[in-house]
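Residues per chain are reported as follows:
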Amino acid sequence: MNIHAVPFGTYRTVEAPHFLRDSDLSAHELRSLLELALQVKIEPELYRESLRHRAVALLFEKPSLRTRMTFELAALQLGGFSVFQDHQDGRIGEREPARDIARNLDRWFDAVVARTYSHKTLELLAEWSKVPVINALSDSYHPCQALADFLTLLEHFGSFEGLKLAYIGDANNVAHSLLHCSTQMGISISLCSPPEYAPRAKDLAQANSIAESTGSRIEVLSDIEEAVRGATAVYTDVWTSMGWEDETQQRRIAFSGYEVTEAVMSAASKDAVFMHCLPALRGEEVSDSVIESKASLVFDQAENRLHAHKALLLMMVGRR
Ligand code: CP
Ligand code: NVA
């Protein structure tokens, strides 16, 4: 895929009613979304009325800097607005059932963006909501992050051709989203973790069946050098995701040796980039020298959250 931004006003809508996991978008829709995100990034003023009077609800059970800020700003810069409800003190479904929350929100809002512990909570909201529900991170997937990451790769390399992504560390929500997006885009991916933290078999099976037609190669490894060999991008994330804090010590032991250091980067392709969804724990999954190096795209990824979210909102609610 080469970069060519779409002309203003020609974006398509998404077929799936909700965006809970990466595979809710077809490969074609994903490409269209990335093209639209580039267009919105280049000419944001063209879209400043596109979501006029549209309202987005944000429900977050976990902390957030990037996801919350960029969804709120995206709605605002597209002419709409957002209302945030903090659910950190009580999970969605505790005060009243998720199915009732969904049937309240869809009377007032045009989309619901939710960050949850259990993916099931999102599925429940989506089952009962007449407006799109968007996954702002669950324990299973972080599809909005992957959109910004692939936008960043596309901008940096100009095309997805010949790319290989090496993901080092916990096969968590971010890793599973990268797995699905990579295979849809025909990008090869190596997932490298201690065997007990490897990707879920069901997701691997689904990704492998898609990879057959897109030409992407999927490897599940535990040897870092093998995983980064030929990699054009090396990606990592925290060893302990939100909600797993009780396992912090045990995970520090399990993941020791899985830090992305300069030595790891030099075993990858010559011009390999470093990626991380942030927040990062320097000295655990990544060394300070790598995250601060010229190869690091982490703040481009963070910036692109905004543009990717704008494209997603346009395609999911812009034309309703
Ligand atoms: N990467 C990411 O989702 O960051 P936040 O948790 O700050 O939203
Ligand atoms: N895997 C991390 C991602 C944070 C953006 C977590 O779930 O905490």
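Here the structure is a predicted model, which means the values were calculated and not measured.

Looking at the element boundaries, His307 is found in helix α12 (residues 298-317). Separated by 74 residues in sequence, His307 and Ala233 place their C-alpha atoms 21 Å apart. Other than its neighbours up to four places away in sequence, His307 contacts Ala37, Lys41 and Leu151.

For the rest of this paragraph, the subject is the sheet that holds strand β4 (residues 133-135). Judged by pairing direction, the sheet is parallel, and its four strands sit side by side in the order β2-β1-β3-β4 without closing on themselves. Each end of this open sheet is capped by a strand with a single partner; those strands are β2 (81-86) and β4. Each adjacent strand pair in this sheet contributes to an overall mean axis angle of 20°, direction not counted. Relative to β2, strand β1 (residues 55-60) is paired through six bridges, and the arrangement is parallel. Bridge pairing in β2 links Leu59 to Gln85.

In this section: the site of ligand 1. With respect to spatial proximity, the complete set of residues near ligand 1 consists of Ser64, Leu65, Arg66, Thr67, Arg115, His142, Gln145, Cys277, Leu278 and Arg305. Contact between ligand 1 and Arg66: an oxygen atom at 2.8 Å from a side-chain N or O atom of the residue. A distance of 2.8 Å is found between a nitrogen atom of ligand 1 and a backbone nitrogen or oxygen belonging to Leu278. Split into classes, the residues belonging to the shell around ligand 1 amount to three nonpolar, four polar and three charged.

Attention shifts here to the packing of aromatic side chains. Here the structure, examined in full by the defined rule, presents six aromatic pairs. Seen in terms of ring centroids, Phe255 and Tyr258 are 6.2 Å apart; in terms of plane orientation they differ by 80°. Their pairing is edge-to-face. Accessibility classification places Phe255 together with Tyr258 in one group, the buried group. One aromatic cluster in this structure is built from Tyr197, Trp239, Phe255 and Tyr258. Sitting over the ring of Tyr117, Lys62 keeps its end group 4.6 Å from the ring centre. The aromatic ring of Phe84 is capped on one face by Arg68, whose charged end is 3.4 Å from the ring centroid.

Interaxial distance between helix α3 (residues 98-108) and helix α4 (residues 119-128) falls to 8 Å at its minimum, and their mutual angle equals 50°. By the angle between their directions, the pair α3 and α4 is classed as oblique. The two elements α3 and α4 meet at a crossing, and its hand is right-handed. For the pair α3 and α4, the contacting residues are Ala98, Arg99, Ile101, Ala102, Arg103 and Asp106 in the first and Leu124, Leu125 and Trp128 in the second. Of the residues belonging to the contact of α3 with α4, the class tally is six nonpolar, no polar and three charged.

What counts, and at which threshold
Residues numbered from 1 in each chain as written. Chains lettered and ligands numbered in written order. Predicted model: local features only at pLDDT ≥ 70, side-chain atom pairs only at ≥ 80, totals over all residues. Heavy atoms only, no water. Helix = DSSP H or I, 4+ residues; strand = E, 2+ residues; numbered from the N terminus. Contact = heavy atoms within 4.5 Å. Pairing = 2+ DSSP bridges. Axes fitted to C-alpha atoms, helices over the stretch in contact; angles between N-to-C directions. Near = heavy atom within 4 Å. Polar contact = N/O pair within 3.5 Å; in protein donor to acceptor, adjacent residues only side chain to side chain. Nonpolar A, V, L, I, M, F, W, Y, C, P; charged D, E, K, R; others polar. Phe/Tyr/Trp six-rings, centres within 6.5 Å; stacked < 30°, edge-to-face > 60°. Buried < 20%, exposed > 50% of the residue type's maximum accessible area, 1.4 Å probe, protein only. Lys NZ or Arg CZ within 6 Å of the ring centre and 35° of its normal. Parallel < 35°, antiparallel > 145°, perpendicular 65-115°, else oblique. Left-handed = near helix turned anticlockwise from the far one by under 90°.

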